[in-house]
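# Report on the structure
For reference, the chains in residue letters:
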Amino acid sequence: MFEKLSIAAVYPDILLAVMAIVIALVDLSVKSPRRTTTYVLSLLTMGVVAYLEALAATQGQTVYSFGNMVVSDPMGSWLKCFAALAVMVTLVYGRPYAAERDMLRGGELFTLGLFALLGIFIMISGNNFLVLYLGLELLTLSSYALVALRRDSAVASEAAMKYFVLGAMASGFLLYGLSMLYGATGSLDITTVFKAVASGQIKHQVLVLGLVFVVCGLAFKFGVVPFHMWIPDVYHGAPTAITLMIGGAPKLAAFAMTIRLLVEGLLPLAVDWQQMLMVLAISSLLIGNLAAVAQTNLKRMLAFSTIAQMGFVLIGLLSGVVNGNTAAAANAYSSAMFYVITYVLTTLATFGIILLLAREGFESDEISDLAGLNQRSPLYAGVMAACMFSLAGVPPLVGFYAKLSVLQALIASGQTGAIALAIFAVMMSLIGAFYYLRIIKVMYFDAPITASTVSASADVRVVLTINGALILILGILPGGLMALCAKAIVTTLGT
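Quantities reported herein were computed from a predicted structural model and do not represent experimental measurements.

Criteria and cut-off values
Residues numbered from 1 in each chain as written. Predicted model: local features only at pLDDT ≥ 70, side-chain atom pairs only at ≥ 80, totals over all residues. Heavy atoms only, no water. Helix = DSSP H or I, 4+ residues; strand = E, 2+ residues; numbered from the N terminus. Rg over C-alpha atoms; globule rule 2.2 N^0.38 Å. Buried < 20%, exposed > 50% of the residue type's maximum accessible area, 1.4 Å probe, protein only. Contact = heavy atoms within 4.5 Å. Areas by Shrake-Rupley, 256 points an atom, 1.4 Å probe, with all protein chains shown as cover. Lys, Arg positive; Asp, Glu negative; His and termini not counted. Charge placed at Lys NZ, Arg CZ, Asp CG, Glu CD. Core = buried A, V, L, I, M, F, W, Y, C linked by side-chain atoms within 4.5 Å. Polar contact = N/O pair within 3.5 Å; in protein donor to acceptor, adjacent residues only side chain to side chain. Salt bridge = Lys/Arg side-chain N within 4 Å of Asp/Glu carboxyl O. Phe/Tyr/Trp six-rings, centres within 6.5 Å; stacked < 30°, edge-to-face > 60°. pLDDT = per-residue confidence, 0-100. Axes fitted to C-alpha atoms, helices over the stretch in contact; angles between N-to-C directions. Parallel < 35°, antiparallel > 145°, perpendicular 65-115°, else oblique. Left-handed = near helix turned anticlockwise from the far one by under 90°. Nonpolar A, V, L, I, M, F, W, Y, C, P; charged D, E, K, R; others polar. Disulfide = S-S within 2.5 Å. Arc of directions from axis to C-beta.

## Overview of the overall build of the protein
Tallying secondary structure elements over the protein gives 20 helices and three strands in all. Here the protein has a C-alpha radius of gyration of 21 Å; the compact-globule value for 495 residues is 23 Å, and the two agree. Taking the principal axes of the C-alpha coordinates as reference, the protein spans close to 70 × 55 × 40 Å. Taking all 495 residues of the protein together, 61% fall into the buried category. Counting contacts in the protein only where the partners sit at least 6 residues apart, residues at least 24 apart contribute 81% of the total. As displayed, the protein has an accessible area near 17700 Å², and 69% of this comes from carbon and sulfur atoms. Taken as two groups, the 25 positive and 22 negative side-chain charges of the protein have centres that lie 2 Å from each other.

## Observations concerning the nonpolar core
Counting 182 residues, the largest nonpolar core has F255, L261, W273, L317 and M337 as the members making the most contacts within it. For this core, the element with the highest residue contribution is helix 14 (residues 326–357), accounting for 19 residues. Ignoring any residue separated from it by four or fewer positions in sequence, one finds L317 in contact with F222, F255, T258, I259, W273, L277, Y333 and A336.

## A closer look at the side chain of R35
Relative to the helices and strands, R35 is located in the loop between helix 1 (11–27) and helix 2 (36–59). R35 sits in the buried class, given a relative accessible area of 7%. Here D27 takes part through its side chain, which lies 2.7 Å from a polar atom of the side chain of R35. Not counting chain neighbours up to four residues away, the residues in contact with R35 comprise D27, V30, R95, L104, R105, G106, G107 and F110.

## Comments concerning the pattern of salt bridges
Applying the stated criterion to the full structure yields ten salt bridges. A salt bridge links D27 to R35; the shortest N-O distance between them is 2.7 Å. The shortest N-O distance in the salt bridge between K162 and E158 comes to 3.0 Å. Taken together, the positions of K162 and E158, both in helix 6 (residues 154–185) and four residues apart, correspond to about one turn of that helix. Ionic contacts of the salt-bridge type, sharing partners, join the residues E158, K162, D233 and R300 into one network.

## Examining the environment of I120
Structurally, I120 is set in helix 4 (residues 108–125). Look at I120 and you get buried, because its relative accessible area is 2%. In the structure, I120 is positioned 19 residues away from L139 in sequence and 6.3 Å away in space, judged by C-alpha atoms. Sequence-distant contacts of I120, that is, excluding residues within four places in its chain, are made with A83, L139, A249, P250 and A253.

## Some remarks on the packing of aromatic side chains
Evaluation of the coordinates by the stated rule reveals twelve aromatic pairs. Ring plane angle 10° and centroid distance 5.6 Å describe the contact between F312 and Y339, whose orientation is recorded as stacked. In this pair, F312 sits in helix 13 (residues 298–318) while Y339 sits in helix 14, placing the two residues 27 residues apart along the sequence. Using a relative accessible area of 3% as the deciding quantity, one classes F312 as buried. Put simply, the rings of Y144, Y163, F164, F220 and W230 pair up and form one aromatic cluster.

## Details of the confidence of the model for the protein
Detail in the predicted coordinates should be disregarded across regions flagged by low pLDDT. Mean pLDDT over the protein stands at 87; residues scoring 70 or higher make up 96%. Every residue in residues 1–5 scores below 50 in pLDDT, and together they form 13 contacts with partners more than four places removed in sequence or on other chains.

## Observations regarding unusual backbone geometry
Residue P226 is bonded to the preceding V225 through a cis peptide linkage, with omega at 5°. Its place among the elements puts P226 in the loop between helix 8 (204–222) and helix 9 (230–237). Put simply, P395 and P396 share a cis peptide bond, and its omega is 5°. If you trace the backbone, P396 turns up in the loop between helix 16 (378–392) and helix 17 (398–413).

## Re the packing of helix 2 against helix 4
Following both chains from N to C, one finds helix 2 and helix 4 inclined at 15°, their axes separated by 10 Å at the closest point. Looking at the two axes, helix 2 sits roughly parallel to helix 4. With respect to the hand of their crossing, helix 2 and helix 4 are arranged in left-handed fashion. Seen from helix 2, the contacting residues are T38, Y39, S42, M46, V49 and E53; seen from helix 4, they are F110, L114, L117 and F121. Broken down by class, the residue content of the contact of helix 2 with helix 4 amounts to seven nonpolar, two polar and one charged.

## Describing the state of the cysteines
Taken as a whole and judged by the stated rule, the model has zero disulfides. C81 takes part in no disulfide bond, and the closest cysteine sulfur, belonging to C485, lies 12 Å away.

## Focus on helix 7 (residues 190–198)
All of the buried residues along helix 7 are I190, V193, A196 and V197. Along the long axis of helix 7, the arc covered by the buried residues comes to 120°, so they all point the same way. At its buried positions, helix 7 is contacted by helix 5 (129–147), helix 6, helix 8 and helix 11 (250–265). Measuring from the backbone nitrogen of T191 back to the side-chain oxygen at the start of helix 7 gives 3.2 Å, which picks out D189 as the cap. One or two positions beyond helix 7, positive phi appears at G200, with a value near 75°.

Below, the structure is given as structure tokens:
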């Protein structure tokens, strides 16, 4: 692994920060209610940043900056690349929806979206407790404002308040845990913390107590049980475009932050945090799937679906450290990375369809609103069906391979109870298939509630079609993305 000190590690982050400020200033002079200028500038910024991160990832180097507080490595660069693309797609899908609801009046959607993406970048790149926390706060504060962006909606304001209160509590958990680890190890640097913990000279009970609070904070960002209370209310109450902003790219940041803290920083405590993750995974799979069955609101159903899906990511993360088997570790972490990337891809298309069907005065957030969609638009019904089949884990779509790779990594780890946990996960997936297939039944077999056809602007139509096609293509040919994730994990962690 090649290491050197260079400010080049943060060039894309600096560009993103500068352009967010520039776009905010440019927007002051924009008169168009659709904010075309700031929209195009935002897309160009994220496209350039994604390209720069992909370029950095292909070089396979690990570069440190700002006194080792920030790191650029293949895993982080690829996650930042995908996060930039995810936010870019979110803005493409969400702009027509936002324009109809007067959410573009001040241009905050684009500026706050860029600042949220900057927070994601900082979380992914952080090699220091303080930097990670600053990135988390930048993301969450931007997200609180975005949820409340529709000023005339009491439901959105209520969701923002709930999100703020619970988010502040979770940030407190994480900060308290990090402060205990700092007090025990005497350092904020993740690499130094690892060396201090591995020395065995620090009292184990103090480390574990700090670890518990850190895992609680990470669990909130993933939205897993029992820290899931905010997910259904915020998904339901937030404007749908903002729901996608919260439910997509931030999951990549949560994954990266977990790798930074638990794997790169607290690997000697793996026996302890693996047990915690196992409890969180089992609870999330059980409660997420069972609660989703009872939902009639589409956004609340997808919220509980997210909780269950994140249970699979945790299974991949807890399968990584067993008896020093580095090959098994690389396989497990790469499968978790593959899972979270493909989940975000599927979530983008799912909410893209919901945003497409929504119109002024009508949110299209009930399951019944999808009735007869195949008769109105076979293309968009097909994309939605692909998303539902993928989330359910039906071959040959990408969700099937994602679940398969995680379960293979779990069984290969040879952990106590691995077989039982794999069987439990499969059983929960079967329950999950019920509410996913119910969506397909409504689209293809129920009578349409309206005879109007579904229309979309050219940019939305093109992006949505590509999005849906990727779900199928990556399911049939998953090797490229899986190899990319495996190489990134191996190069980054040196496993």
